[in-house]
Structure formats: structure tokens, C-alpha cells
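Summary of the model geometry
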Amino acid sequence: MRVDRLPIAVLRERYVPGRWDVLAFILVVAFFIYCAEAARGLTGSLEHLEATPISLSPWALIGYAARTGLRMLIALGFSLLFTFTYATLAAKSRRAEVLLVPLLDFLQSVPILSFSIVTLFFLQLTPGRVAGAEMAAIFLIFTSQAWNMAFSFYHSLRSIPDEMSEAARNFQFSPWMRFWRLEVPFAMPPLIWNMMMSMSGGWFFVVASEAMSIGNTTLTLPGVGSYIALANDQRNYGAIGWAVVAMFVVILIFDQLLFRPLIASADWFRLEQEAGQTADQSWALTMMRRSRLIGLIGRAFAKMLRAGMKPAGASGPVAAARLPSRWDGPLGDYAWYGALLLIGLLALWRTATFVHGDVPVGEIGRVVLLGFITLVRVAVLIALASLIWVPIGVWVGTRPRVASIVQPVAQFLAAFPTNLFFGFVVSAVVLFHLTPDIWLSPLMILGTQWYILFNVIVGASAISPDLRNAGKNLGLRGWLWWKRLALPAIFPFYVTGAITAAGGSWNASVAAEVVSWGRETVTAHGLGAYIHAATDAADFQRIVLGTVVLSVFVVTVNRIFWRPLYARAERKYRMS
């Protein structure tokens, strides 16, 4: 009797593990081992942690890098959850937008040192245990990642072409289906690049999150950040070199296993493709596609997402049109805005009462003057960074193969903590008697200028082939090409990057205006230096004063300058 081999081949194809399954199994097991090792000691006591000093041995960096990488990965997960909820509500609700967008401006501008009050909250959740300190560190890293991603997703939702929204309405997509089938795919390319930038930007704040200082109390968690802080204190160039190597390895692992597959798969979500445009190749993505084990997990996850994807018309007639309530009209708007005004006045009164108890009125004027000094630094630095990175970003973004090479290099440079330059900067300022107010300023933009580059690359890569070919056929060259094609196409993306870079520069001023190397400390005049001094003294009244003044500057500049620019870009240059 002849044996039919087709069913056997099908069974073998579906269920017999292949070489990609073996590799996937090894990586999954390695990941769980990595998580277990990195989380070891999480339930230990703070006394034991404080009794175990940070070692500058290169071998210690293996464990430190694992713990830092896990903190950043967890923070990235919470940042993504925050982005999908907060930004979506801000983009879809007119009333919520009035509150959430300015609040996002405010949160973006709050320096990481100003969150020291929140650090005390986490420490008291688990008194005497390491878990509270770990949660505080993850939260501080989260604050360096979430705002950029939320801005990117919010702006993408506001830029969805009208014909795509109309198609979703014609297909009667439910809100859940619309979110996962239209909004997330449309926002995915810029969101992936901003996730990458957020992960890289988090390295800038790793030192502050793993070596937390509140007054005379210093809490040090094992990690690359605390390793760098100790190397700076001891002026150990060799240890700093090993820290750079460890950072490079961690960034490379994240690039190969997370970001490279995401960027390669982002081409699925582009509106227009041209033949051969996809230049990114990822062995990890190939493994995920061909591994039966990961395919099984992916199908289960897809079924979970589809659980809520029922068209609006599938459950009978569309829900009877809800009769408009009087709260949906002007009366509801007035009530909402009045409630926000009352909450704002209450918060302002409580803040003024708290600050005025220890700070004289005359000092407020001096703090505002310091804010103007920092404002001038930020404005000059953003202008210089734009002149440098906009042309480079357009050149890279219009060449997919170049972008695939530049991406990991830019990611590593963006992750390079400014703290590693402190030794060179302090030595140069002291040796050559340079002016700190000028020569410390570049430190504010070193970690944030990449927001401009990454967003411009995304914008340039989104220029449709038809538009580029039309420009060639019309003979657009030189400045005319920039004026009529490139700048209008990238303008919304540039504004998103510039807003985030400006907010990040204000945030970075706290670390850049006061630079220490061993026993040498160089200080520039500015609001960041004021907040830094208040944090060292655990003077919470002055921390709040400096943070509020800084946030008022950022929100005001965004409202007066950046938001009108983005509104113009949304009206004039949005794809429709």
C-alpha cells in the first residue's frame, strides 16, 4: 500500500523544529536567564546594597550592563504603554488636548533631578528594600523616554490623510480596529525611530537614575551609570573607556534584536513603496518569520488583538446615534475650561505658598533672569544643530542604503552620555581659562541634537517616489528643490524633533551648567545650575521654584513659537 507523503511533509513543515526554531529557543532561554540574573538581589535590603561598593573592575561591567539594560527595557515598555494611551487621548479629544498637550510640554521640561521628590515616594513603597530604589530608577529613565515617543505618536495621529480616515469610516471600523489597523501602522515608522532615540537618550540620564543624590544621601544602584559616576569621581580614564565598550555592546544587542527588526519591518507600514527601496536586512527578523515557535506565539498574540476587532456594523445596526447632550456644546466647553482654570489657580496658589515660605520675593526675579540666560543658550544651540543636521538628515533619508548604515552609528552617538566628556571639558576650561558660560553650553545639545537628525531622516524617507520623480522631471535643483520639495516634506517631522530637542536641552541644562571632574567643578550661570545647587542642598522649595520657572519658559516658547509652526505644517504640508 502506497503511503501518501503529503500529509507527513505538511506535518513536518508545521510542527518539526527547524534551525531557526533552535536559534529562537536559544535566544529565548538566554533572555530569561538574563532577566533572572539582572533581577537578582531585587528583594535584598538597602543596607546590604550600601555595604557593597561599586567596583571599577571591567569584569563587573558584565553584570552592571545587564541590570542597566533591563531597567531601560522595562522603562521603554512603560513608555510605549504611556504613548498609546496618553497621546491617543490627546489627539482624539478636543477637550483633553487642551490639558494634555501643555502638560506634556511641562513634563518634558522637568529636569530629572526635580523628580527627586518622586524618588522618595518609591523608596517608601518598599521601606528598606532594593525594589523601591529599582522602581525609582526605572521611573527616572521612563521620564527621559516617554515624552518624545508621545509627541511623535500624537503628531502622527494628527497627520493621518483624510482619505485613509474616510476609508476606515466606510469599512465601519470600531475604535479598537481603527487603532490597530490604521493609526498604529501609520504612526509606526516615526514611532520606531523615536523609540530608538528615546532608548539612546535614556543613557544620558542613566548616571542620575542609578546614582541618586538627595542632599547628603546618595543611593547607588549597580549599573553602568553608577560605574561612570564613580569613574568620574576618581578621574579614571581607563574605567571610562571600559564603560564605553560596555555601552557599545548593549547598544549593539538592542540594535540587532530589537531595533533592526523593527526598522526592517517598518517598510510594511509605508504608504508608498518603490521597487528595491527596502535596504534593511535583519537576521533576527528572518528568524522571527521562519521560526515555528515564534510564529505560534505571534498567532496567539494576533488572536488576542483581534478579540476586540469587530466592525461597528457587525453587531446589528450602528448604535443608535446618541442624542447630543447639552454638555457636548458650548456649555460643556465652558464648564471644562472653568474647571481647568480653577485647578490651575489652586495648583499655582499651593505652589506659591510652598515656595514663599522659604524663598524671598526678590529671588524669584533672579531665577527668571537665569531662565532667560538658559533660553538664549537653547535657542542658539537648536539653530546651530538645525543648520548642521537638517541637510545631513535629508541626504541620509533619501538614500535607504545609507540610512541602514548611519542608523546604528547615530544610535550609538546619541547614546553616548555627556558625562563621559566632563573630564575633557573641565580640563580644557581650567587649563586654558575658558569662559564656562560659553564652553559648557555645547554639553546641553550633545545628547538632544539627535532628535532633529532622526526625525528629519524619517521625514525624508517618507517622501513618495512619485514626488521625487516629479521633482526630477520638473528640473528642480539646488535651493528650488529644497524650497519646493524637501523642506515642505520634512517640515512637520523637523518641528517634532526640534520641540523635543529644545525640551531635552532645557532638561540637560541641569547636568551641563554644573560639571565636575574629580575635585574640580566648573559652573555656568543659568537656571540649570540653580536647580542643581538646590538639589545638592535638598532645598525642595528652590527645586520647585526652579522647576516651575523652567517649565513656564518651555511651555511659553512652545505655545508662542513651536505650536504655530506645527499648526502651519499640519495645514499646509499634511498629506491629503
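It should be emphasised that the depicted structure is a prediction, and the values quoted were computed from it without experimental measurement.

All right, on to the overall build of the chain then. In terms of regular secondary structure, the chain is built from 26 helices and four strands. The buried share among the 576 residues of the chain stands at 48%. Pairs at least 24 residues apart make up 81% of the contacts formed inside the chain by residues separated by at least 6 positions. A total accessible area of about 28900 Å² is found for the chain, and carbon and sulfur atoms account for 69% of it.

What follows concerns helix α14 (residues 283-290). Think of an α-helix as turning once every 3.6 residues; residues three or four places apart then point the same way. Considered for burial, the residues of α14 that qualify are A284, L285 and M287. Buried residues in α14, looked at end-on, bunch into an arc of 155°, giving them a common side. Opposite the buried face of α14, by more than 90 degrees, sit the exposed residues R289 and R290.

Our next topic: the environment of Q108. Within the element layout of this structure, Q108 appears in helix α5 (residues 94-109). The sequence separation of Q108 and S551 amounts to 443 residues, and the corresponding C-alpha distance is 8.5 Å. Those residues in contact with Q108 that sit more than four places away from it in its chain are W147, F151, I499, T500, G503, N507 and N558.

Okay, unusual backbone geometry next. Phi is positive for Q172, which is not a glycine, with a value near 55°. Secondary-structure assignment places Q172 in the loop between α9 (162-170) and α10 (175-202). On the accessibility criterion, Q172 (35% relative accessible area) is partly exposed.

Here S79 lies in helix α4 (residues 60-92). Setting aside residues no more than four positions away along its own chain, S79 makes contact with F142, Q145, A146 and M149.

Now for the confidence of the model for the chain. Mean pLDDT over the chain stands at 78; residues scoring 70 or higher make up 82%. Predicted confidence is poor over residues 274-279, with pLDDT under 50, and the contacts of this stretch with residues over four places away or in other chains come to ten contacts. In this model residues 314-323 is a low-confidence stretch, pLDDT under 50, and it forms one contact with partners more than four residues away in sequence or in other chains.

What follows deals with the packing of aromatic side chains. Evaluated as defined, the whole model comprises 19 aromatic pairs. A ring pair is formed by F84 and F179, whose centres lie 5.6 Å apart and whose planes are at 90°; its orientation type is edge-to-face. With F84 in helix α4 and F179 in helix α10, this pair connects stretches of sequence that are 95 residues apart. Each member of the pair, F84 together with F179, is buried. The interplanar angle of 75° and the centroid separation of 4.8 Å between the aromatic rings of F561 and W562 together place this pair among those described as edge-to-face. Through a chain of ring-to-ring contacts, three or more aromatic side chains come together here, namely F82, Y86, F122, F139, F142 and W147.

As a further point, take the pattern of salt bridges. One pass over the structure, following the stated rule, counts twelve salt bridges. Among the salt bridges present, the one from E363 reaches R366, with a minimum N-O distance of 3.9 Å. With E363 and R366 both in helix α17 (residues 361-397), this residue pair falls three residues apart, about one helical turn. A salt bridge links D437 to R377, with the shortest nitrogen-to-oxygen separation between them at 3.0 Å. Placement of the pair is D437 in helix α20 (residues 436-439) and R377 in helix α17, with a sequence separation of 60 residues. According to the relative accessible area criterion, D437 is partly exposed, its value standing at 27%. Assessed through its relative accessible area of 8%, R377 is described here as buried. One salt-bridge network, held together by shared partners, links R67, R71, E134 and E210.

In this structure, T523 sits in strand β4 (residues 520-523). The exposure class of T523 is partly exposed, given its relative accessible area of 44%. In sequence terms T523 and T435 are 88 residues apart; their C-alpha atoms lie 9.7 Å from each other. If sequence neighbours within four positions are ignored, T523 has contacts with P436, L440, E513, V514 and A529.

Contact geometry for helix α24 (residues 478-512) and helix α25 (residues 527-536): axes closest at 7 Å, N-to-C directions at 55°. As summarised for this structure, α24 and α25 are arranged oblique, according to the angle between their axes. Relative to α25, α24 is oriented so that their crossing is right-handed. Contact residues: W506, S509 and V510 in α24; L527, G528, A529, I531 and H532 in α25. Its residues assigned to classes, the contact of α24 with α25 shows five nonpolar, three polar and no charged.

Right, let's get into a nonpolar patch on the surface. Among the surface-exposed residues, W242, V245, F248, V249, L252, I253, L257 and W283 lie close enough to one another that they form a single nonpolar patch of about 730 Å² accessible area. You can call F248 partly exposed: its relative accessible area is 43%.

This next bit is on the packing of α17 against helix α22 (residues 449-461). In contact at an axis separation of 8 Å, α17 and α22 are set at 35° when each is read in the N-to-C sense. At the point where α17 passes α22, the crossing takes the right-handed sense. For the pair α17 and α22, contact is made by I382, A385, S386, W389, V390, I392, G393, V394, V396 and G397 and by Q449, W450, I452, L453, V456, I457, A460 and S461, respectively. Of the residues that constitute the contact of α17 with α22, the class distribution is 13 nonpolar, five polar and no charged.

Scoring rules and cut-offs
- Residues numbered from 1 in each chain as written.
- Predicted model: local features only at pLDDT ≥ 70, side-chain atom pairs only at ≥ 80, totals over all residues.
- Heavy atoms only, no water.
- Helix = DSSP H or I, 4+ residues; strand = E, 2+ residues; numbered from the N terminus.
- Buried < 20%, exposed > 50% of the residue type's maximum accessible area, 1.4 Å probe, protein only.
- Contact = heavy atoms within 4.5 Å.
- Areas by Shrake-Rupley, 256 points an atom, 1.4 Å probe, with all protein chains shown as cover.
- Arc of directions from axis to C-beta.
- pLDDT = per-residue confidence, 0-100.
- Phe/Tyr/Trp six-rings, centres within 6.5 Å; stacked < 30°, edge-to-face > 60°.
- Salt bridge = Lys/Arg side-chain N within 4 Å of Asp/Glu carboxyl O.
- Axes fitted to C-alpha atoms, helices over the stretch in contact; angles between N-to-C directions.
- Parallel < 35°, antiparallel > 145°, perpendicular 65-115°, else oblique.
- Left-handed = near helix turned anticlockwise from the far one by under 90°.
- Nonpolar A, V, L, I, M, F, W, Y, C, P; charged D, E, K, R; others polar.
- Patch = residues over 30% accessible without salt bridge, like charges linked within 9 Å, V, L, I, M, F, W, Y side chains within 5 Å.

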